[in-house]
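# Tertiary structure, described
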Amino acid sequence: MAASSAKNTIELLDRILKILEEEHVFDQTGDQPVVRFIYPAHLNRLISLSLDEEPASDKEIETIVRQIVRYSVKTSSPHFHNQLYAGVDKYGLAGSWLTDVLNTSQYTYEVAPVFTLIERKLIDQSLELVGYPQTPQGDGVMSPGGSLSNMYGMVLARYELLPQVKKMGLNGCLPLACFTSEDGHYSIMKGAHWLGIGIDNVYQVKTDEFGRMEPSDLKRAIKKARDDSHIPFFVNATCGTTVLGAFDPLLEIAEICQEEGLWLHVDACYGGTLLLSDKYRHKLRGIELSNSVSWNPHKMLGVPLQCSLFLVRSKNRLYEANCAGAKYLFQQDKLYDVTWDTGDKSVQCSRKVDAMKFWLMWKARGTKGLTHSVDQAMNCKEYFLERIKNIAGFRLVLPEYECTSVCFWYIPPSMRGQEETRNWWDKLYKITSKIKELMLLEGSLMVSYMPLPTKNIGNFFRMVVNCQPPPTESSIDYVISQIEKFGSDLRLSSI
């Protein structure tokens, strides 16, 4: 019976792998649509999603799996530039499959012996990359994503200032105040809500014309918080903002935090990958002076989702702030050194062995291979930037970009040379979303668009270059040709 079950499992997985191949999931030539877009109501009717009393047949399951694959976005296409992530590295994919097949949790060495060692090695290597001291001084944990990694920083900062809050709560405390740039990630707002700090106590710091936090305004905000009888405790600096890819000036911010006695956390979820590049890591100069860092190697680098690291300089702070001492899981009289059990320093109990994906990829590629991938992505971003600077109709939101994203508009021929009134700009914003719509419906290209309210700017394109699949000048040229094609053919009367 057991042998038969194993055989059936292998046969099922073989069939699914065949479907993935037949539906061109691994194809990186760009000859296949990046998506076969269908509107929600139609897709809901097309695929049998009901959960019924009777089991589906093998043939029905195979049909549904094929439909799921067919109508999902092919992020491994060279024409997917929609997000801060894209395709996955093949070794990372193999590591992801291993984590699912072995199906264990990261909380104790007992149930995840090899994965525990792998996570420790990956954290130590990442601490070194940031410039933090390694074990036993520095520490870290894998988390479900950058939002939670940033919340880890907030929890540790609060514990550092007010350790009694863990037992007594916030009753009787003056309101806490935290600081982030107006272009920083929204997870700081969510963290303030979840942790009882309150979103009204998040002070948003102004940014310069490139989207970087202004240190002088941070000083102003800290003073205002104190004047408001709030207790400043946490500053979130960003390396690679979500929209513009801006890097806050860490050296100046770190100096302010040291003077004011504040915890400095760096959200490097996007831009932290540049630490792997000798050519570009200078953009994060000063990160070694921070107290904690978030880094998502699933962004830019191509590690399968999800892979998020939270790194902290302080010894034992993760454990002290988060431990609950569950005796049924973290017994102290085990047959091995229980300091290898990591679950009590995490906010989660069950925790996927996410380190495996990144570790196997790093092991197979070596640091040199990862460095080459980062440099190639940055070089292709520069190629795209220089090309559109010299093509009629393309206009940059900023003249230069620090990470792998470029923001721009495309102005159709019929709108060029006109007076750029408010109506003209409103039409251009609508044209941007219309071009995206036409490309999506054809399945030829996915590039996102967005506004930037902090700068009073409406819709523009954000082109993102990622490490996987490896970008080329040809794949970049294709993006330009598609936007020109749909933008030039656009009937402005319909906008």
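Now for a quick tour of the structure. (Residues numbered from 1 in each chain as written. Predicted model: local features only at pLDDT ≥ 70, side-chain atom pairs only at ≥ 80, totals over all residues. Heavy atoms only, no water.)

This part covers the overall build of the protein chain. Across its full length, the protein chain carries 14 helices and 12 strands. Computed over C-alpha atoms, the radius of gyration of the protein chain comes to 24 Å, within 12% of the 23 Å expected from 2.2 N^0.38 for 495 residues, which places it in the range of a compact globule. With the C-alpha coordinates aligned to their principal axes, the bounding extent of the protein chain is approximately 70 × 70 × 45 Å. A burial count over the protein chain gives 51% of its 495 residues as buried. Restricting to contacts in the protein chain with at least 6 residues of sequence separation, those with at least 24 account for 72%. Surface exposure of the protein chain reaches about 23400 Å², of which carbon and sulfur atoms provide 53%. In the protein chain, which carries 54 positive and 58 negative side-chain charges, the distance between the mean positions of the two groups comes to 1 Å. (Helix = DSSP H or I, 4+ residues; strand = E, 2+ residues; numbered from the N terminus. Rg over C-alpha atoms; globule rule 2.2 N^0.38 Å. Buried < 20%, exposed > 50% of the residue type's maximum accessible area, 1.4 Å probe, protein only. Contact = heavy atoms within 4.5 Å. Areas by Shrake-Rupley, 256 points an atom, 1.4 Å probe, with all protein chains shown as cover. Lys, Arg positive; Asp, Glu negative; His and termini not counted. Charge placed at Lys NZ, Arg CZ, Asp CG, Glu CD.)

Below, the discussion takes up the pairing of strand S7 (residues 292-295). Every second residue of S7 is oriented toward a common face, with Ser-292 and Ser-294 on one face and Val-293 and Trp-295 on the other, all of them buried. Where strand S6 (residues 263-267) lies against S7, 3 bridges are found, and the strand directions are parallel. Counted as the bridge partner of Asp-267 is Ser-294 from S7. Alignment of S7 against strand S8 (residues 308-312), held across 4 bridges, turns out to be antiparallel. Opposite Ser-294, over in S8, you have Phe-310 as the bridge partner. (Pairing = 2+ DSSP bridges.)

Here we take up helix H4 (residues 90-102). Counted at 1.5 Å a residue, the expected span for H4 with its 13 residues is 18 Å, and the 18 Å between its end C-alpha atoms agrees. Buried positions along H4 lie against helix H12 (355-389). Between the side-chain oxygen of the N-cap and the backbone nitrogen of Tyr-91 there are 2.8 Å, and the N-cap of H4 in question is Asp-89. Phi turns positive, to about 45°, at Asn-103, one or two residues after H4. (Expected span 1.5 Å × (residues − 1). Polar contact = N/O pair within 3.5 Å; in protein donor to acceptor, adjacent residues only side chain to side chain.)

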